Amino acid sequence: MFQVLQGHIQPAPHRGRKTRLVTKDGRCNIEFGNIEYSNHFAYLLDFWTTFVEIRWRFVLLLFVASFTGSWFVFSLLWYWIAKSNGDLTGQNRTDGHVQCIDNVNGLTTAFLYSLETQTTIGYGGRALTGHCAGTIALIIIQSLIGVFINCFMCGVILAKISLPKRRAKSITFSDTAVICLKKGSLCLLLRVANLRKTLLIGSQIYGKLLRTTTAPDGDTVILDQVDVGFMVDSGKDNLFFVCPLTLYHVINTSSPFYELSADSLPNQDFELVVFLDGTAESTSSSCQVRTSYIPQEIQWGFSFLPIISRTKTGKYRVDFSNFSKSVRVTTPHCVHCFETEADQKNHNSHNQENQDKQQKLGIDNLGFQVIDIHDSMDITKM
């Protein structure tokens, strides 16, 4: 039995406050506890990933600390060399004293010399005299360490700027999903849009239904995952992602939503996580976009408003003001109602076809007899 619903525009509802595993912007709401202390060293072994994934405030702190710390450590070494050689102010110098470093007569000037050496400023006021072999070895070591710090920090900053998840920020999903009829089937629909004109190459869309189930042996399985397939009119792989797409999942006997109805949907406890994988055309880096929908964000009996139109100049225009808006449409109350109605229509159509076929073939006359006419019979000519 179908619901006859009044047609009016339905704005996107407020996002539910239910605790979910994946937030609307794709972050995973999970924490790890009771981890053995030895396992924390795994973060140090994989230090590159650790530095790339930490927050920007810690990256900037590491940037400042690494440079200033190296300058200060080497300034102490330069100060120690100058003091050992008697170059500092206040030390008793003998006639013919040869300095190791010119104009380094205290800790402050030693720090300035360390900074100028590592950053290759070279103002010319402080310099090695070349009479001490230790100073030559130390300046080589500081130069190599300075180059390493420069390369490492530049690599970390560049890697954080070019993270694929930054590209994912320009991919957006509709705030809600809808359930309505599409191509003669009851389907769950949602929208996804690429806010950049550059394409995502090799895009693939799929979903996971997360729910708590009970195993046959009585054990409770938390976050049980069930595959949910999505597709567009052109297929499900290698999407032509140049404009917003409407993705749909056919609700049939193999669908995890088969037992749902318009009344039972709001009372369900599940989370539908949708994933979009692709490769950025401009950077050739792979990225994944994800979002989630809870039952309160799935509207039964609604359909999305059209958002693509053509301008007078021949360009295609996308109206994002209607991106998440929907309108009520005539929709079956449940999948079983839709299948029953479809079977009834098929049965009536089959009966009508049989009746039409009988009318075309006619009705057999049981009293009609067939006789043979022999060629030898005389025919009377009039």
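Please refer to the structure placed before this passage.
Because the structure is predicted, anything quoted here is derived from the model rather than measured. (Residues numbered from 1 in each chain as written. Predicted model: local features only at pLDDT ≥ 70, side-chain atom pairs only at ≥ 80, totals over all residues. Heavy atoms only, no water.)

Visitor: For this particular structure, what's the right way to read the overall build of the protein?
Guide: Summing up its helical and strand segments, the protein has seven helices and 18 strands in all. Looking at the protein as a whole, 33% of its 382 residues are labelled buried. Surface exposure of the protein reaches about 24,800 Å², of which carbon and sulfur atoms provide 57%. (Helix = DSSP H or I, 4+ residues; strand = E, 2+ residues; numbered from the N terminus. Buried < 20%, exposed > 50% of the residue type's maximum accessible area, 1.4 Å probe, protein only. Areas by Shrake-Rupley, 256 points an atom, 1.4 Å probe, with all protein chains shown as cover.)

Visitor: When you look at the packing of helix α3 (residues 56-85) against helix α4 (residues 107-118) in this model, what are you seeing that I'm missing?
Guide: When two helices pack together, their arrangement is given by the angle between their axes and by how far apart the axes lie. As a packed pair, α3 and α4 sit with axes 8 Å apart at the nearest point and diverge in direction by 125 degrees. One finds that α3 runs oblique with respect to α4. Relative to α4, α3 is oriented so that their crossing is right-handed. Across from Phe67, Thr68, Ser70, Trp71, Phe72, Phe74, Ser75, Leu76, Trp78 and Tyr79 in α3, the residues of α4 making contact are Leu107, Ala110, Phe111, Tyr113, Ser114, Leu115 and Gln118. Its residues assigned to classes, the contact of α3 with α4 shows 12 nonpolar, five polar and no charged. (Axes fitted to C-alpha atoms, helices over the stretch in contact; angles between N-to-C directions. Parallel < 35°, antiparallel > 145°, perpendicular 65-115°, else oblique. Left-handed = near helix turned anticlockwise from the far one by under 90°. Contact = heavy atoms within 4.5 Å. Nonpolar A, V, L, I, M, F, W, Y, C, P; charged D, E, K, R; others polar.)

Visitor: Sorry, what's going on with the state of the cysteines here?
Guide: What is meant by a disulfide is a covalent connection between two cysteines, made through their sulfur atoms. The full count for this structure, using the stated rule, is one disulfide. Bridging cysteine 100 to cysteine 132, the disulfide has an S-S length of 1.8 Å. On the S-S bond that ties cysteine 100 to cysteine 132, the torsion sits near -70 degrees, and the link is left-handed. On the criterion of sequence distance, the pair formed by cysteine 100 in the loop between α3 and β3 (101-102) and cysteine 132 in the loop between β4 (127-128) and α5 (133-161) is long-range, its members being 32 residues apart. Here the two residues cysteine 100 and cysteine 132 agree in accessibility, since each one is buried. Left unpaired, cysteine 180 is separated from the closest cysteine sulfur, that of cysteine 187, by 7.3 Å. (Disulfide = S-S within 2.5 Å.)

Visitor: What should I look at first to understand the packing of aromatic side chains in this one?
Guide: The geometry of an aromatic ring pair comes down to the distance between the two centres and the angle between the two planes. Counted according to the given criterion, the structure contains 11 aromatic pairs. For the pair phenylalanine 148 and phenylalanine 152, a centre-to-centre distance of 6.3 Å together with 20 degrees between the ring planes defines the contact as stacked. Remark: phenylalanine 152 and phenylalanine 148 occur in helix α5; sequence separation between them is four residues, near one turn of the helix. On the accessibility criterion, phenylalanine 152 (16% relative accessible area) is buried. (Phe/Tyr/Trp six-rings, centres within 6.5 Å; stacked < 30°, edge-to-face > 60°.)

Visitor: Explanation requested: the sheet that holds strand β9 (residues 220-229) in the structure shown.
Guide: Two orientations exist for strands paired in a sheet by backbone hydrogen bonds: parallel and antiparallel. With antiparallel pairing, the four strands of this open sheet are ordered in space as β9-β8-β11-β12. This sheet does not close on itself; its edge strands, each paired only once, are β9 and β12 (286-293). For this sheet the average axis-to-axis angle between neighbouring strands, irrespective of direction, equals 25 degrees. Summarising the sheet, strand β11 (residues 270-280) and β12 pair through eight bridges and their orientation is antiparallel. Each residue of the ladder has a partner; that of glycine 278, found in β12, is cysteine 287. (Pairing = 2+ DSSP bridges.)

Visitor: Just to check I follow, could you spell out a nonpolar patch on the surface for this structure?
Guide: A contiguous nonpolar surface patch, about 340 Å² in accessible area, is contributed by Ile30, Phe32 and Ile35. By the element assignment, isoleucine 35 lies in the loop between β2 (9-10) and α1 (41-45). Note on isoleucine 35: relative accessible area 38%, which makes it partly exposed. (Patch = residues over 30% accessible without salt bridge, like charges linked within 9 Å, V, L, I, M, F, W, Y side chains within 5 Å. Salt bridge = Lys/Arg side-chain N within 4 Å of Asp/Glu carboxyl O.)

Visitor: Would you mind going over the side chain of serine 255 with me for this structure?
Guide: The topology assignment puts serine 255 in the loop between β10 (245-250) and β11. Setting aside residues up to four positions removed in sequence, serine 255 forms contacts with His249 and Val250.

Visitor: I tried to follow the pairing of strand β6 (residues 177-182) on my own but got confused; where do I start?
Guide: Taken residue by residue, a regular strand's side chains alternate between the two faces of the sheet. Counting buried residues in β6 gives five out of six residues, a clear majority hidden from the surface. Pairing between β6 and strand β13 (residues 298-300): three bridges, direction parallel. Bridging across to β13, isoleucine 179 finds its partner in tryptophan 300. By the bridge criterion, five bridges tie β6 to strand β7 (residues 185-194) in an arrangement that is antiparallel. In the strand pairing of β7, valine 178 is matched with leucine 189. The turn linking β6 back onto β7 is made up of two residues, and lysine 183 within it adopts a positive phi angle of 55 degrees.

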